[in-house]
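Fold and contact review
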Amino acid sequence: KRAAVEAAIADELAGVARKGVSAEMVARARRQILVSEVDSRRSVSGQASRLGHGEVVLGDLDYPRVYFQRLAKVRAADLAAVAARYLHAEQSSLVALEPENKISAPNLAAASTTSWPDFEEIRLRNGARLLLQPGGALPKVHVRVALQGGPCYEDSAKRGVTSLLATLLTRDAGGRSALAVAKEIENAGAVWHEHAGNNSLTLAFEALAGDLPLGARVIAAGLWKPDFAKRTVEVERDGQLAELREEEDEIVDYGMRALRKKFFQKHPLNLSPLGTLETVGALTVDDVRAQHRALAVGSNLVVAVAGCFDRAQALDLLGPVLEAAPSSPFAAKSPELRPSAKPVEFSETLDRKQTVVFDAYPDAGATAEDYLTGEVVDELLSGMSSRLFVRVREELGLAYFVGAARVSGLRAGMFYLYAGTQQSTHATVFAEFDAEVARLRSGKIEDAELARARARLKAQLRVGRQSPSHRAQQAALNALYHLPVNDAALREAAYDSADAAAVQAFAKKYLRPTARVRLTVSPPPA
């Protein structure tokens, strides 16, 4: 459908040049630019970037103020004139990435803060919890809704239904179409989106501080008055199927799906939250409604608010949203994993030039006491300064990319190493994987590499906490999983206490050669 897409884009641009845009669209764009400018200053790095741009590029530190003054004067006619001057075919460049042998003809037609108060936790009678953390100079507020869900809460024939449900909760709601909801959000320069993971689904609303009432309305409609319109369910289901097809086409994603299936066997984490083409293709409106009834109950609901807002107003607006949750019981599900008792090695083929290799081991679940020690181990095996990266990529030149990552459930997980290499060198890469795991299991960890790993983790934590979205997300999930809500200091302490002995103990407990699952994804034989 490339030609049709290009024609539609060309028609849209020509229309703007010919008749301009509506005043409503100009106001919406102006609002979005304002929000974007505020967002760019949410971190110290962002503030420095704006100052540097003003001084070096524009020669005026005061330019952001002048910019807003000029922005306020822009009218629809100005946009039409600019479009007519610049947005025409003679000045366009077209690039397309297409499947091999299917080449189509081109279509020619603010201030920051470094500390915040702890989240206040308010428990309602129906079991729902509201977390509040007012503070910060940026005029932004972020609301995060969290529910346990995902693979552990899905029937084997309905895998992927949580992901579909999460998407639909941000679409048609309260008798209003998805387009009407999207327009209201965009007119405010706000953000309203969803995410579904291995253990939960979350909804996120972020806007300027004065738009918290809008957030409360949108969240209430999404949670308690979703329309689940048949046409919208079909459209979003097709979108999820498209994501699954993309995973099958990307070699790393393809390998990860095969690895999860082999490693987790009958455990629910054997599939990604997206499910499979077969299960998602068979999902119905009734399936989505049933999943909504099962998950959207008071004892499984946490709402966290962070940023610039008034506590009393937040209680008035969001309290009724949480009180509307049914008091139905909710049984948390986090099955244990029984790892393989002996090493497993298998291979897959994919018509690509590259070979990708994986080594997977058991891992601590997100609620385990040594989970944060695992983050240090992950950091020791990741990044451009890790011994694994330096050895495999820089010294031996065996891989295009190399690192480690985790697939985390609440009580079980998978810790894996991966690399992109060539078929002729993949055995050598596996040997380096084995050597690095053996080194950690023997306790031969240098103080300097541990210090670097701790420093990177703490820097990531502190930079992330500059964002109200990060703080609200972490607090909501912690509360949902019955972990300490205000955990920043605990995390840093855990990183600091992860010495060589702790890393060795983690590696000996989880990175066991007898439980290893090894996968090679390579091109088919010539």
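Structure report, in brief. (Residues numbered from 1 in each chain as written. Predicted model: local features only at pLDDT ≥ 70, side-chain atom pairs only at ≥ 80, totals over all residues. Heavy atoms only, no water.)

**A few points about the overall build of the protein**
Helix and strand content of the protein: 20 helices and 11 strands. In terms of overall size, the protein behaves like a compact globule, its C-alpha atoms giving a radius of gyration of 25 Å where 526 residues would be expected to give roughly 24 Å. By its C-alpha atoms, the protein is 70 × 65 × 55 Å across when sized along the principal axes. In the protein, which comprises 526 residues, the proportion classed as buried is 47%. Put simply, the protein shows about 25600 Å² of open surface, and 54% of that area lies on carbon and sulfur atoms. Of note, the protein has its 66 positive side-chain charges centred 2 Å away from the centre of its 64 negative side-chain charges. (Helix = DSSP H or I, 4+ residues; strand = E, 2+ residues; numbered from the N terminus. Rg over C-alpha atoms; globule rule 2.2 N^0.38 Å. Buried < 20%, exposed > 50% of the residue type's maximum accessible area, 1.4 Å probe, protein only. Areas by Shrake-Rupley, 256 points an atom, 1.4 Å probe, with all protein chains shown as cover. Lys, Arg positive; Asp, Glu negative; His and termini not counted. Charge placed at Lys NZ, Arg CZ, Asp CG, Glu CD.)

**Notes on empty space enclosed by the protein**
Space inside the second largest cavity adds up to approximately 70 Å³. Forming the boundary of the second largest cavity are 15 residues, of which Cys152, Asn199, Lys333, Ser334 and Leu410 lie nearest the centre. Looking at the lining of the second largest cavity residue by residue, the class counts come to 6 nonpolar, 7 polar and 2 charged. (1 Å grid on protein atoms, 1.4 Å probe; cavity = no way out; pocket = protein on both sides within 12 Å on 5 of 7 lines; lining within 4 Å. Points joined across faces, edges and corners; volume = space filled by probe spheres on them. Nonpolar A, V, L, I, M, F, W, Y, C, P; charged D, E, K, R; others polar.)

**Some points on the packing of aromatic side chains**
Within this structure, the stated rule accounts for 10 aromatic pairs. With 6.0 Å between their ring centres and 50 degrees between their planes, tyrosine 416 and tyrosine 418 make a pair best called tilted. Members of the aromatic cluster, each reached through a chain of ring pairs, are Phe358, Phe401, Tyr416 and Tyr418. (Phe/Tyr/Trp six-rings, centres within 6.5 Å; stacked < 30°, edge-to-face > 60°.)

**So, a negative patch on the surface**
On the surface, a cluster of negative charge is made up of Glu243, Glu246, Glu250 and Asp253. Within the element layout of this structure, glutamate 246 appears in helix α9 (residues 230-249). (Patch = residues over 30% accessible without salt bridge, like charges linked within 9 Å, V, L, I, M, F, W, Y side chains within 5 Å. Salt bridge = Lys/Arg side-chain N within 4 Å of Asp/Glu carboxyl O.)

**As for the pattern of salt bridges**
Tallying each qualifying case throughout the model produces 33 salt bridges. With a closest N to O distance of 3.6 Å, arginine 28 and glutamate 24 form a salt bridge. On the criterion of helical spacing, the pair formed by arginine 28 and glutamate 24 is a turn pair, its members being 4 residues apart in helix α2 (residues 23-39). A residue is classified by how much of its surface remains accessible, and glutamate 24, at 44% relative accessible area, is partly exposed. Linked through salt bridges whose partners overlap, the residues forming this network are Asp359, Asp434, Arg516 and Arg518.

**Re the sheet that holds strand β10 (residues 412-421)**
One open sheet holds the 5 strands; their spatial order is β7-β11-β8-β10-β9, and the pairing between them is mixed. Strands with a single pairing partner mark the edges of an open sheet, and in this sheet they are β7 (344-349) and β9 (401-408). Between one strand and the next, the sheet's axes are offset by a mean angle of 20 degrees, whatever the strand orientation. The pairing of strand β8 (residues 355-364) with strand β11 (residues 517-522) spans 5 bridges and is classified as antiparallel. Across the sheet, residue aspartate 359 finds its bridge partner in β11, namely arginine 518. Where helix α20 (residues 500-510) meets the sheet, it contacts β8, β9 and β10, and its direction lies at approximately 105 degrees from that of β8. (Pairing = 2+ DSSP bridges. Axes fitted to C-alpha atoms, helices over the stretch in contact; angles between N-to-C directions. Contact = heavy atoms within 4.5 Å.)

**What about the environment of glycine 197?**
Note on placement: glycine 197 falls in the loop between β4 (191-196) and β5 (200-208). For glycine 197, a relative accessible area of 14% corresponds to the buried category. The sequence separation of glycine 197 and serine 408 amounts to 211 residues, and the corresponding C-alpha distance is 9.7 Å. Sequence-distant contacts of glycine 197, that is, excluding residues within four places in its chain, are made with Gly150, Pro151 and Pro273.

**Considering the sheet that holds strand β3 (residues 140-148)**
The sheet built from 6 strands is open, its strands ordered β1-β2-β6-β3-β5-β4 with mixed pairing. The outermost strands of the open sheet, each flanked by one partner alone, are β1 (120-123) and β4. The sheet shows a mean angle of 15 degrees between the axes of neighbouring strands, direction not considered. In terms of strand pairing, β3 meets β5 through 9 bridges, oriented antiparallel. Its bridge partner being in β5, valine 141 is matched across the sheet by alanine 207. Its contacts with the sheet put helix α13 (residues 311-323) on β1, β2 (129-134), β3 and β6 (302-307), and the angle it makes with β2 is roughly 160 degrees.

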